[in-house]
Amino acid sequence: MTRFKGSITALVTPFKDGAVDEAAFRAFINWQIEQGTHGMVPVGTTGESPTLSHNEHDRVIEICVDEVKGRVPVIAGAGSNSTEEAIGFSRHAEKVGADAVLVVTPYYNKPTQEGLYRHFKAINDAIGIPIIIYNIPSRSVIDMSVETMARLFELKNIAGVKDATANLARASQQRQVMGPDFIQLSGEDATALGFMAHGGHGCISVSSNVAPRLCAEMQEACLKGDYATALKVQDRLMPLHTNLFLETNPSPVKYAASVLGLMQDDVRLPLIPVTEGTKQAVRSAMVHAGLINA
């Protein structure tokens, strides 16, 4: 479990002519590893999982596992608001060699805390690799309680949480109840520094799609307890953390990736490319971080 730490990129899924751009995706994965990224999350929210077909979803995970070749952990997105569908995604991820799965709290159908428990228990009982709970109330509406998380942590495969509540107290509350072995990964770039100080183990990051070396350096400093260094890096990254969310993720970060020549900025409807004003703000943040010249 100690492998799941540091800067873990919530990978964007490159598109070209309406299809997954496999060549760009493979090159992007290798660039991420060369830049120091500590782990990969294919087909999460940033990977536009809601608009990928099931075949595309499975294929993106296969490509990622194949290209990573065990160099860093792969935590495959496997969530759904259908328990059976989530089990299917999770079984496929395990079969093709993912190191863990990231499973979001079911969105739209608003289960109770007991429903959440049974959903994750069913997935736990169906596979044999670690499960990271993805708690993101801003997108799924429901918020998994610390008590429900503690019940789930008693199961063999529930390993930790990607916490996108942006509530820094949660990291300490969860640490008090589950202990330091419960893996806590920030799901919110802007507050990841504070989250680490509260006992976090890493961040599943959007910004690391375009600033992987800086995000890795910040996380490594945090893990060493060197928060003075981490704060200096945070100061460089903060405008990026802010401006990449001026419009719905991942449209801004895909534009930023296109500026770096990593891929096209294509997104799938209902998402659309960013406006000219957001482009200027993103470029300004990239200049501030030292990613491009003014």
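Computed from a predicted structure; not experimentally measured.

Of the regular secondary structure elements, the protein chain holds 12 helices and 10 strands. Radius of gyration (C-alpha) of the protein chain: 18 Å, near the 19 Å computed for a compact globule of 294 residues. Among the 294 residues that make up the protein chain, the fraction classed as buried is 55%. Put simply, 72% of the contacts in the protein chain that link residues at least 6 apart link residues at least 24 apart. Surface accessibility of the protein chain: about 11900 Å² in total, with carbon and sulfur atoms responsible for 51%. Within the protein chain, one finds 26 positive and 31 negative side-chain charges whose respective centroids are separated by 2 Å.

Taken together, 8 strands build an open sheet; the order of strands is 4-1-10-9-8-7-6-5 and the sheet is parallel. Strands with a single pairing partner mark the edges of an open sheet, and in this sheet they are strand 4 (39–41) and strand 5 (75–77). The sheet shows a mean angle of 30° between the axes of neighbouring strands, direction not considered. Bridge count between strand 7 (residues 131–135) and strand 8 (residues 158–163): 5 bridges; the pairing is parallel. Residue Asn135 lies in a different strand from strand 8, and its bridge partner there is Asp163.

Estimated volume of the largest pocket: approximately 590 Å³. Forming the boundary of the largest pocket are 29 residues, of which Gly44, Thr45, Ser49, Pro50 and Tyr107 lie nearest the centre. Contributing elements (two or more residues each) for the lining of the largest pocket: helix 2 (54–68), helix 3 (83–95), strand 6 (100–104) and helix 5 (137–140). Along the lines of polarity and charge, the residues of the lining of the largest pocket split into 13 nonpolar, 12 polar and 4 charged. When its volume is computed, the second largest pocket comes out at roughly 350 Å³. Along the walls of the second largest pocket sit 23 residues, with Ile136, Arg139, Gly187, Phe245 and Asn249 positioned nearest its centre. Secondary-structure elements contributing two or more residues to the lining of the second largest pocket are helix 5 and strand 10 (202–205).

A separate point is the UniProt feature "active site" (unreviewed entry) in the protein chain. Residues annotated by UniProt as "active site" (unreviewed entry) correspond here to Tyr134 and Lys162. On the basis of their most widely separated C-alpha atoms, the annotated residues across 29 residues gather in one place, lying no more than 4.7 Å apart. Lining the largest pocket, from the residues named above, are Tyr134. Turning to its location among the elements, Tyr134 is positioned in strand 7. Among the residues examined, Tyr134 registers a relative accessible area of 7% and is labelled buried. Tracing the chain through its elements places Lys162 in strand 8.

Right, let's talk about helix 6 (residues 146–153) for a bit. Taken together, the buried positions of helix 6 are occupied by Val146, Thr148, Met149, Ala150 and Leu152. Each element contacted by the buried residues of helix 6 is listed here: helix 4 (113–126), strand 7, strand 8 and helix 7 (168–178).

Looking now at the UniProt feature "site: Part of a proton relay during catalysis" (unreviewed entry) in the protein chain. What UniProt calls "site: Part of a proton relay during catalysis" (unreviewed entry) maps, in this numbering, to Thr45 and Tyr108. In the annotated group above, the largest pocket draws its lining from Thr45. Along the chain, Thr45 falls in the loop between strand 4 and helix 2. The contact partners of Thr45, leaving out residues within four places of it in the chain, are Tyr134, Arg139 and Pro250. Looking at the secondary structure, you find Tyr108 in the loop between strand 6 and helix 4. Non-local contacts of Tyr108, meaning those with residues more than four positions away in its chain, are made with Asn81 and Ser140.

In the structure shown here, the tally under the stated rule is 2 cavities of 30 Å³ or more. Taken as a whole, the largest cavity spans an internal volume of roughly 60 Å³. In this structure, the largest cavity is lined by Ser7, Asp189, Ala192, Cys203, Ser205, Cys215, Met218, Gln219, Leu237 and His241. Residue composition of the lining of the largest cavity, grouped by class: 5 nonpolar, 4 polar and 1 charged. Estimates place the volume of the second largest cavity at around 40 Å³. Asp163, Thr165, Ala166, Asn167, Leu168, Ser186, Gly187, Glu188, Thr191 and Phe195 together form the lining of the second largest cavity. Of the residues that constitute the lining of the second largest cavity, the class distribution is 3 nonpolar, 5 polar and 2 charged.

Calculation notes
- Residues numbered from 1 in each chain as written.
- Predicted model: local features only at pLDDT ≥ 70, side-chain atom pairs only at ≥ 80, totals over all residues.
- Heavy atoms only, no water.
- Helix = DSSP H or I, 4+ residues; strand = E, 2+ residues; numbered from the N terminus.
- Rg over C-alpha atoms; globule rule 2.2 N^0.38 Å.
- Buried < 20%, exposed > 50% of the residue type's maximum accessible area, 1.4 Å probe, protein only.
- Contact = heavy atoms within 4.5 Å.
- Areas by Shrake-Rupley, 256 points an atom, 1.4 Å probe, with all protein chains shown as cover.
- Lys, Arg positive; Asp, Glu negative; His and termini not counted.
- Charge placed at Lys NZ, Arg CZ, Asp CG, Glu CD.
- Pairing = 2+ DSSP bridges.
- Axes fitted to C-alpha atoms, helices over the stretch in contact; angles between N-to-C directions.
- 1 Å grid on protein atoms, 1.4 Å probe; cavity = no way out; pocket = protein on both sides within 12 Å on 5 of 7 lines; lining within 4 Å.
- Points joined across faces, edges and corners; volume = space filled by probe spheres on them.
- Nonpolar A, V, L, I, M, F, W, Y, C, P; charged D, E, K, R; others polar.
- UniProt positions renumbered as here; feature names shortened; annotations may be inferred.

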